[in-house]
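Residues per chain, in single letters:
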Amino acid sequence: MNEFIDKIKKALEFFGNISLSEFLAKLEEDADWYDVEEAANALRREGHEEAPK
Amino acid sequence: MKAKLSILLICSLFCLACPKQNIDTAKAQSAKLARYAGAGVYLTGELFRNKVLTLGQKDKIADGFIFLAKAGQTFDAAIAELEKKYDGKTVPKAELKDLFAVFNAEVVAKFLDLLRTLKVSVHPDLADVIEAIRTAVLIVAGLFGKKLEVRQQIEAI
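Notes on the structure in this doc start here. (Residues numbered from 1 in each chain as written. Chains lettered and ligands numbered in written order. Predicted model: local features only at pLDDT ≥ 70, side-chain atom pairs only at ≥ 80, totals over all residues. Heavy atoms only, no water.)

### A look at the overall build of chain B
Thought 1: What chain B contains, in helices and strands, is six helices and zero strands.
Thought 2: Reading chain B from its N terminus to its C terminus gives the helix and strand order α-α-α-α-α-α.
Thought 3: When the 157 residues of chain B are sorted by exposure, 47% land in the buried category.
Thought 4: Once local pairs closer than 6 in sequence are excluded, the contacts in chain B between residues at least 24 apart make up 74%.
Thought 5: Total accessible area on chain B stands at roughly 7800 Å², and carbon and sulfur atoms take up 61% of it. (Helix = DSSP H or I, 4+ residues; strand = E, 2+ residues; numbered from the N terminus. Buried < 20%, exposed > 50% of the residue type's maximum accessible area, 1.4 Å probe, protein only. Contact = heavy atoms within 4.5 Å. Areas by Shrake-Rupley, 256 points an atom, 1.4 Å probe, with all protein chains shown as cover.)

### Things to note about the nonpolar core
Thought 1: With 49 residues, the main nonpolar core has Phe65, Leu68, Phe75, Phe103, Phe111, Ile133 and Val137 of chain B as its most contacted residues.
Thought 2: At the level of secondary structure, the elements contributing two or more residues to this core comprise α3 (33-45) of chain A together with α2 (19-49), α3 (55-86), α4 (93-121), α5 (124-143) and α6 (147-155) of chain B.
Thought 3: In terms of residue count, the dominant contributor to this core is α3 of chain B (twelve residues).
Thought 4: In contact with Phe103 of chain B, not counting residues within four places along its chain, are Phe75, Val108, Val137, Val140, Ala141 and Phe144 of chain B. (Core = buried A, V, L, I, M, F, W, Y, C linked by side-chain atoms within 4.5 Å.)

### Some details on the environment of Gly88 of chain B
Thought 1: Tracing the sequence through the fold places Gly88 of chain B in the loop between α3 and α4.
Thought 2: For Gly88 of chain B, a relative accessible area of 53% gives the class exposed.

### Things to note about the packing of α3 of chain A against α3 of chain B
Each pair of packed helices can be described by the angle between their axes along with the distance between the axes.
Thought 1: At a minimum axis separation of 8 Å, α3 of chain A and α3 of chain B run at an interaxial angle of 160°. Accordingly, the angle class assigned to the pair α3 of chain A and α3 of chain B is roughly antiparallel. Considering the relative orientation of α3 of chain A and α3 of chain B, their crossing is left-handed. Facing α3 of chain A, whose interface residues are Trp33, Tyr34, Val36, Glu37, Ala40, Asn41, Leu43 and Arg44 of chain A, α3 of chain B presents Lys58, Asp59, Ala62, Asp63, Phe65, Ile66, Leu68, Ala69, Lys70, Gly72, Gln73 and Asp76 of chain B. (Axes fitted to C-alpha atoms, helices over the stretch in contact; angles between N-to-C directions. Parallel < 35°, antiparallel > 145°, perpendicular 65-115°, else oblique. Left-handed = near helix turned anticlockwise from the far one by under 90°.)

In structure tokens form, the structure reads like this:
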């Protein structure tokens, strides 16, 4: 787990805009597969929304 | 090396002797896998928002995570059914074999699909998340004594 976090930490440091604390919080969150599906569906919709009129 | 092998052998024998622990461990590993997948979804979103991934790449990866999530739900449902059926009693080996069949047909197959998607669009940093999910998949496969079989399937991608 620590090795995994270190790798991700390095990756996130490379992209300064990505929040490490948010990512680590995701790893600790008590999420199940239904939460993953919901988040993945939201991600799938991203970028396809109609521009506000 | 010998000591590591001995520990592994003892652990394997212990797991075989305690099917209930197999169920509990499979449940815990499935939850861990879900957390890693959730982190993968988050990271994919961030890479897309930072213009590292294109819209098309993000969509493909998101689709992969949706399929993986559905597969995880099926696996969790199979575990819950076994738990209800045996209520703390020893689960017969044949039932564990069926549970692995669900794991293989659902989680492993969907994970392999996700890997195929990533092969064309993966960013090296997202690969670390996938590596973590891969490890979790192999741990669950190991519980059923099928680690090698699953590893070969993954490496064949």
